[in-house]
Amino acid sequence: MRSPWRETALTRELDACSVDQLRQRVLGGDLNSETLRVLADRQDRANDDLMYACRNGDADAVRRLLAEGADIGQVHGGKKEQFTPLSWACAYKWLDVVRILLAHDSAAALKIVDGETPLAAAACPFTGSRLVRGKVHARSLDLLRLLLAHGAGKDINARDSMYDQAPIMYTLGDTDEKVEAMRLLLENGADPNVKANS
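Notes on the structure follow.

The rules behind the values
For every chain, the first residue of the written sequence is number 1, and numbering continues from 1 along that sequence. It should be noted that, the model being predicted, local features are given only for residues of pLDDT at least 70 and side-chain atom pairs only at 80 or more, the latter also being counted only at that level, while totals for whole chains, interfaces and linings use all residues. For the side-chain quantities, the full set of heavy atoms in the structure was used; hydrogens and water were omitted. In this description a helix means any DSSP run of H or I spanning at least four residues, a strand means any run of E spanning at least two, and both kinds are numbered starting from the N terminus. Burial status follows relative accessibility: with a 1.4 Å probe on protein chains alone, a residue under 20% of its type maximum counts as buried, one over 50% as exposed, and anything between as partly exposed. The criterion used for residue contact is that any of the two residues' heavy atoms lie within 4.5 Å. Reported accessibility uses the Shrake-Rupley method at a 1.4 Å probe radius. Residues are deemed covered only where the shown protein chains occlude them. Here is the rule: rings of Phe, Tyr and Trp (six-membered ring for Trp) pair when centre to centre is within 6.5 Å. Planes less than 30 degrees apart are stacked, more than 60 are edge-to-face, and the remainder are tilted. To form a nonpolar core, buried Ala, Val, Leu, Ile, Met, Phe, Trp, Tyr and Cys residues must be joined to one another through side-chain atoms within 4.5 Å. Here the expected length of a helix is defined as 1.5 Å per residue gap, with one fewer gap than residues. A residue's bend is simply the angle between two axes: one fitted to the seven residues ending at it, one to the seven starting at it.

This brings us to the overall build of the protein chain. In terms of regular secondary structure, the protein chain is built from nine helices and four strands. When its helices and strands are written in sequence order, the protein chain yields α-α-α-α-β-β-α-α-α-β-β-α-α. Within the protein chain, buried positions represent 45% of all 198 residues. At a minimum sequence separation of 6, the contacts of the protein chain that also span at least 24 residues come to 67%. For the protein chain, the exposed surface amounts to about 10,600 Å²; the carbon and sulfur share of it is 51%.

Attention now moves to the packing of aromatic side chains. Summed over all chains, the structure comprises two aromatic pairs. Centre to centre, the rings of F83 and W88 are 4.5 Å apart; their planes meet at 25°, and the pair counts as stacked. By relative accessible area, which is 18% here, W88 ends up buried. One aromatic cluster is present, built from ring pairs that chain together F83, W88 and Y92.

Let us now look at the side chain of N47. Mapped onto the fold, N47 is located in helix α3 (residues 33-56). Setting aside residues up to four positions removed in sequence, N47 forms contacts with A70, D71, Q74 and H76.

This brings us to the nonpolar core. V62, L86, V98, L101 and L147 are the most contacted members of the largest nonpolar core, which has 58 residues in total. Elements with a minimum of two residues in this core: α2 (19-27), α3, α4 (59-68), α5 (85-91), α6 (95-109), α7 (118-123), α8 (135-149) and α9 (176-187). The contacts of V98, once residues within four sequence positions are left out, are L86, A89, C90, L143, L146 and L147.

This next bit is on α6. In a regular helix each residue adds 1.5 Å, so 15 residues correspond to 21 Å; α6 covers only 14 Å between its end C-alpha atoms and thus falls short of that length. Remark: the principal bend of α6, roughly 75°, maps to A103. Burial in α6 covers these residues: L95, V97, V98, I100, L101, L102 and A109.

Written as structure tokens, this is what we have:
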């Protein structure tokens, strides 16, 4: 928070602006250091809030934050474990949030980073740190279909840097859902000869 004695008409005006409104001011030539600082702070906050909303499945917050200018292509995490809003939503199996992200900007949402790919996150039988069963596997199938329909198939054989697995490796098993997921990935170009990591 700013010290009250530094508050000016400009700072009050900037505090009322959305990220997009602040961007427009800067693009229009307002390079005042206070405008730039407020824009950077607001963008960072919106990006962090978007990641949190995607991880927790808060579709309303995701819609609001995207409308306010949060960066759908942002990357969080360390060198080997990087996440985007889409990879978080896929990992936690939030189908509605994935739909919102893809509808907003599928190209930016689907970008591959060093970490778990959206397809791998959707195919993985874990959500967060818990093994999931039943309905979540059905959501995994819906997620895979949705991602493939939006162009994720171009990276169908990409291995994630976290577990060194291609998406098809997560479909090995004898449940109907896993067999269906494997069929879906193979029909979309997954390599059936891919080797598991050791």
